[in-house]
Amino acid sequence: MNRHSGLGLVLSLFAILVVPALWADGETAPARDPKQPVDEAYTAKIQKYTTAPYFTSPLVNYLPASKTVPTPEAVLGDVAGAPGILPYAEDVYKYMRLLEEASPRVKIFSIGTTEEGREMIAVAVSSAENLKSLEENRARLEKLADPRTIKLDDAEADKLVAQAVPVYYITGTIHSPETGAPTALMEMAYRLAVDESPYIREIRDGMITLITPVVEVDGRDRMVDLYRWHLAHPEDFYPPLIYWGKYVAHDNNRDAMGVTLKLTENVLNTYIGWKAQVLHDLHESVPYLYDNTVGDGPYNAWVDPILADEWQMIGARNVADMTKFGMPGVFSHGDFDTWSPGYLMFIAAMHNGISRLYETFGNGGADTQERTVDPEDYARTWYRQNPPLPKTLWSQRDNNNYEQTGLLTSLHFFNENKRLFLKNFYLKAKRSVLKPSAEGPAAYVLPADDPRLSLQAELLRVLRKQAVEISRAKSAFIVSLPVKKEPKPKKKQDAKEAAEKEAAPAPTTREFPAGSYIIRMDQPYARIADALLDHQYWSPDDPQKTPYDDTGWTFGELFGVQVSRVTDLKVLDVSMERVTEIHARGGVKGEGAVFAINNNAEPALATLRYKMKDAGMEAAEEPFESGGKKFNRGSFVIRNTNRNELDRAAAGLGLQVVALAAAPSVKTHPVRAARVAFVHTWLSTQTEGWWRLALDNLGIPYAYMSTQAIAKIDDLNAKYDVILFPPVGFASSPTAIINGIPMAWGNPLPWKNTPETPNLAGKNDSTDDMRPGLGWDGLAKLQAFVQKGGVLLTATDTSRFATETGFTTGVSTSSSQKLKIVGSVLGARLIDGASPIAYGYEEKLSVYCDNGPIFSLTSIAGARGRRRLGPESHSRPTGRGSMNDPDFTVGRSSVEVPEEPSWETWEAPPVTDEQRRNGFRVIPPANRPRVIFRYADSKELLISGLVEGSDEIAQHPAIVDVPSGSGHVVLFSINPVYRGETHGTYSLVLNTILNFDSLKVGRKLAEK
Ligand SMILES: [Zn+2]
């Protein structure tokens, strides 16, 4: 009791300290306009729903009244943040449109639709005068955004800075279980439109606040369904939100590199179209307001230092203002590193603006609840002198108070300093234009003779979406390449040798053919191109030990296309033209009735196979030459088809088809449009969601079903040829996949469309109860499918599931001990190019990996594959002679020592004669696993990102084809289909699908 009243005393002291007089010199204090009447009823409810006096501020503890403009109550039936009320996106829009009707200070823009066809909007709030002159203002901002238009003239920029009205873009509820932002933004839009206090009026007159109240609209409607279900069944557990958008959940905030989701594209286009200065994204996972704009290191290497300083300025002031209000738990430094550019807000950071992000405290719905926070969250630290309370009653209104207070103080501070920020906006763009000579590179070049032109086009389309300018060389050109410096050797002798080598560092040049694409770096949005195309290195010695997300992403590597980083400034003088539409050249050339397409592991090949269902397509099992052209192994040979139809399809896909006078004599096998089942769990759907997205974009049909559904199909082989079981995510265990969610207690967790939950399933999968998993019966059916000739494809945690539940005799998985690979790009090496899975790939391949699992092989059933112990273990015993001499025994003639078997890390140890004695455990050669790709050697493993303790996984198998009964299990240690970033490895999956009944092709068996 005593301690509690002590706390109360401290807090009331805080309250006394909150007086406008303490506000910054010359700045308007946050206080309401005493002349403007207050909406008493609304204000009373705000106070009622706020659970403690220190969870609010003078900016939001009242609502100004208006005779003409409706408050959020008009749509919500209560105030913003009221308990039990969570509006659908449609209701949020309805209110915003009421505001637009009632006030000349509000204007709504439709910014596109979601995958499921729901509308996304942006609400502009500003003075009527500002909204009337949006186009003139945009023209000014466009000049600042592209300093080339004013010839980099700083004086001209200053004039524009003095006249321009900045745009501050706020986005809410990208993460669907983080539910508070829409009501906070409804009320804030009202305040900005109606409030006559000087503090708010300055914001309204001085800048344009742009608001997208719901970013993940599909997910919002599902979440509201769930919440209403929860209100209708208060005693029951409610289902977890397993689907947010159509494809992915939390990862919708990791798409700002690949721009594969509609929400990313729509926000990006809005941000770029408005030439906004800030993109501020709202989240709710940390008490009570963490402005993670400042976050922690390492910072993304490609951001302009000016931006890093802006983060500090805005963050520090934001915390200071809210601290003065007496609001606990507001801070700006914490464990979020600003390395990956995948976050939605980072669109601004990579396009010369300011990225910002709030984590506030949400209850995942609108219930008022007693919340206990983690000790690390309530501890006072140097950057959080007034930490959150360990335990508190928390309401949605509290959350709305924090969100609005944070935003309003930010808007005000931004307005106070808008000339500085507008000038910085210009300077960042100018420095980007000056990049080639300032820091380089001058350009990136994507050569016209890349064998994967359709993938190259795919990569260029990502850059187009990112508003990057792309040019094409009109003629061939030569650039000089920098000499790569070798690291200084530590030993003297090596240093001497190196010095001799270094004596003549021959300057190298490279010629690029006409038609090569050039990404000039002297453009305003060079920064994003540089960040995507360059390589990343995260030091194992970095003080940051827990990277927040992926550490590497180099797009050229992951797309499997050539990208040259050119520092030679001469590249900018090459005769070139700007291109706005990217299409790889495709179609049929030559004369003849047989057609061939070279296989370079382009996913478009699979699209073609499914598109032309009736055409006879075959794969060449060996490389061949025809009509003076060389074709790789796996190249398509197409007979009995309509040339025009093929020409059209190939042109659309960017595939080059060669008509041949006669069929090549090479051995072929059919390439089939396999019937594909795609399996998901009810544990998580996000990681597999990226696979669905890729297959949908490629036009590969599949039957989408849960582990529950597949367990109910008696004869899987009658319906499907291939079952894809993509990663579950979160390193799910085999038993979790089998058992699902515990059923021994609780109630069923339905996931389906009902009158109560009309949006829940949408067109995704549904179930009466999410809890059951695959089950042991389902496991048996899956195993029978493989035994009877089916192909099961697994990756990462589902590979572990397959190896640990008896699908893959001869392969075991192990977890790493010291290995640390956090979402990195690694090198892989081709082991068996004759396997159809490898068709179109070269010796070296770049792959996405996130810590394995580590595969090891054995040829002895029941044994675990083991790691080779290294050469030391084969050293001779102590005895006569030198290290390489044989030992001897006194009184006995010497005997020939049997040769020690040796094997590579990716191979199974050779079967010994001893093991073969009554060797019923020895796996017959035809049943042994076949390694297709392995991880590169330790030294060559890292391409981009972080790798620590690489010896554990280096050289181990990365992709293994395991014969099982009449079928196959194809195991991936890598994730080949990930976040729209790994197009270069898609064909590993597609090859497996197309060649499902010919996977044994090219297999060389061991002799014994
Ligand atoms: Zn979030």
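Small disclaimer: the values here were computed from a predicted structure and weren't measured.

Definitions and limits used
Residues numbered from 1 in each chain as written. Predicted model: local features only at pLDDT ≥ 70, side-chain atom pairs only at ≥ 80, totals over all residues. Heavy atoms only, no water. Pairing = 2+ DSSP bridges. Helix = DSSP H or I, 4+ residues; strand = E, 2+ residues; numbered from the N terminus. Axes fitted to C-alpha atoms, helices over the stretch in contact; angles between N-to-C directions. Contact = heavy atoms within 4.5 Å. Donors = N, O, S within 2.8 Å, 3.2 Å for Na, K, Ca; no water. Tetrahedral: all angles 85-135°; square planar, octahedral: opposite > 155°, others 65-115°. Phe/Tyr/Trp six-rings, centres within 6.5 Å; stacked < 30°, edge-to-face > 60°. Buried < 20%, exposed > 50% of the residue type's maximum accessible area, 1.4 Å probe, protein only. Left-handed = near helix turned anticlockwise from the far one by under 90°. Nonpolar A, V, L, I, M, F, W, Y, C, P; charged D, E, K, R; others polar. pLDDT = per-residue confidence, 0-100. Core = buried A, V, L, I, M, F, W, Y, C linked by side-chain atoms within 4.5 Å. Salt bridge = Lys/Arg side-chain N within 4 Å of Asp/Glu carboxyl O.

Points about the sheet that holds strand β16 (residues 564–566)
Read across the open sheet, the five strands follow the order β16-β11-β15-β12-β17; overall the sheet is antiparallel. With one partner strand each, in any of the chains shown, β16 and β17 (576–579) form the two edges of the open sheet. Averaged over all pairs of adjacent strands, the angle between their axes in this sheet comes to 35 degrees, without regard to strand direction. Two elements, strand β12 (residues 470–473) and strand β15 (residues 517–520), share two bridges in a ladder whose sense is antiparallel. By the bridge assignment for β15, Ser471 is matched with Ile518. Across the sheet, helix α18 (residues 453–465) lies against β11 (443–446), β12, β15 and β17, angled at about 25 degrees from β15, the strand it touches most.

A look at the coordination of the zinc ion
Within the first shell, the zinc ion binds the protein through His175 (ND1), Glu178 (OE), Glu178 (OE) and His283 (ND1), at distances of 2.1 to 2.5 Å. The coordination sphere of the zinc ion comprises four donor atoms, whose angles at the metal cover 55 to 151 degrees; the geometry is irregular.

Looking at the packing of aromatic side chains
With the rule as written, the count across this model stands at 36 aromatic pairs. Between Phe55 and Trp394 the ring centres are 4.9 Å apart and the planes differ by 75 degrees, which places this aromatic pair in the edge-to-face class. Note that Phe55 is positioned in the loop between α2 (40–49) and α3 (73–76) and Trp394 in strand β10 (residues 391–394), a separation of 339 residues in sequence. For the residue pair Phe55 and Trp394, the accessibility class agrees, reading buried in each case. When the ring of Phe331 is compared with that of Tyr383, the centres are 6.1 Å apart and the planes differ by 40 degrees; the resulting orientation is tilted. With Phe331 in strand β7 (residues 330–337) and Tyr383 in the loop between α14 (375–378) and β10, this residue pair connects regions lying 52 residues apart in the sequence. According to the relative accessible area criterion, Phe331 is buried, its value standing at 2%. What makes Tyr383 partly exposed here is its relative accessible area of 24%.

Considering the packing of helix α22 (residues 604–611) against helix α23 (residues 643–653)
At a minimum axis separation of 10 Å, α22 and α23 run at an interaxial angle of 150 degrees. Judged by the sense of rotation from one axis to the other, the crossing of α22 with α23 is right-handed. For the pair α22 and α23, contact is made by Ala604, Thr607, Leu608 and Lys611 and by Leu646, Ala649, Ala650 and Leu653, respectively. Taken together, the residues that form the contact of α22 with α23 break down as six nonpolar, one polar and one charged.

Some points on the sheet that holds strand β19 (residues 594–597)
On the basis of which strands lie adjacent, the open sheet formed by six strands has the order β18-β24-β19-β23-β20-β25 and mixed pairing. The outermost strands of the open sheet, each flanked by one partner alone, are β18 (587–589) and β25 (668–670). Geometrically, the sheet is characterised by an average inter-axis angle of 30 degrees between neighbouring strands, direction not taken into account. The sheet contact formed by β18 and strand β24 (residues 656–660) spans three bridges and is parallel. Pairing of Lys589 across the sheet is with Val658, part of β24. Its contacts with the sheet put α23 on β18, β19, β23 (636–639) and β24, and the angle it makes with β18 is roughly 125 degrees.

Looking at unusual backbone geometry
Outside of glycine, negative phi angles account for most residues, and trans bonds account for most peptide bonds. The amide bond that connects Gly297 to the next residue, Pro298, takes the cis arrangement and shows omega of -5 degrees. Along the chain, Pro298 falls in the loop between β6 (289–296) and α12 (305–324). Note that the residue after Gly440, namely Pro441, is joined by a cis bond; omega there is -5 degrees. Among the structural elements, Pro441 can be located in the loop between α17 (435–438) and β11.

Here's the deal with the confidence of the model for the chain
This prediction gives the chain a mean pLDDT of 94; 95% of its residues lie at or above 70. Note that residues 1–22 has pLDDT below 50 and, in this model, 10 contacts with residues that lie over four places away or in other chains.

A closer look at the environment of Ser902
Topologically, Ser902 is positioned in the loop between β34 (854–857) and α30 (913–916). We classify Ser902 as exposed; its relative accessible area is 63%. Once the C-alpha coordinates of Ser902 and Asp25 are considered, the two residues, 877 residues apart in sequence, prove to be 78 Å apart.

Brief notes about the environment of Glu310
Mapped onto the secondary structure, Glu310 falls in helix α12. Taking relative accessible area as the criterion, Glu310 reaches 0% and is therefore assigned buried. Between the C-alpha atom of Glu310 and that of Arg921, which follows or precedes it by 611 residues, the distance is 66 Å. Ignoring sequence-local partners within four residues, the contact set of Glu310 consists of Gly353, Ile354, Phe421, Asn424 and Lys428.

Digging into helix α9 (residues 198–206)
Think of an α-helix as turning once every 3.6 residues; residues three or four places apart then point the same way. Among the residues of α9, those classed as buried are Tyr199, Ile200, Ile203, Arg204 and Gly206. Of the surrounding elements, those touching the buried residues of α9 are α5 (128–132), α8 (181–194), β4 (208–212), α15 (396–416) and α16 (418–433).

Some remarks on the nonpolar core
Ranked by internal contacts, the top residues of the largest apolar core, which has 158 residues, are Leu144 and Ile519. The dominant element in this core, judged by the number of residues it contributes, is α8, at nine residues. Apart from the residues lying within four places of it in its own chain, the contact partners of Ile519 are Ala442, Ala443, Tyr444, Leu446, Leu460, Leu463, Val468, Glu469, Ile470, Ala529 and Leu533. Ranked by size, the runner-up nonpolar core spans 72 residues in total, among them Met612, Ala615, Ala659 and Val676.

Digging into the pattern of salt bridges
Inspection of every chain in the model, using the stated rule, returns 54 salt bridges. The salt bridge involving Glu940 is made with Arg829; its shortest N-O contact spans 3.1 Å. Here the residue Glu940 occupies a position in the loop between β35 (930–935) and β36 (942–944), and Arg829 occupies one in strand β32 (residues 824–830), the gap between them amounting to 111 residues. A residue is classified by how much of its surface remains accessible, and Arg829, at 14% relative accessible area, is buried. A single salt-bridge network, built from bridges that share partners, covers Glu116, Arg118, Asp218, Asp221 and Arg222.

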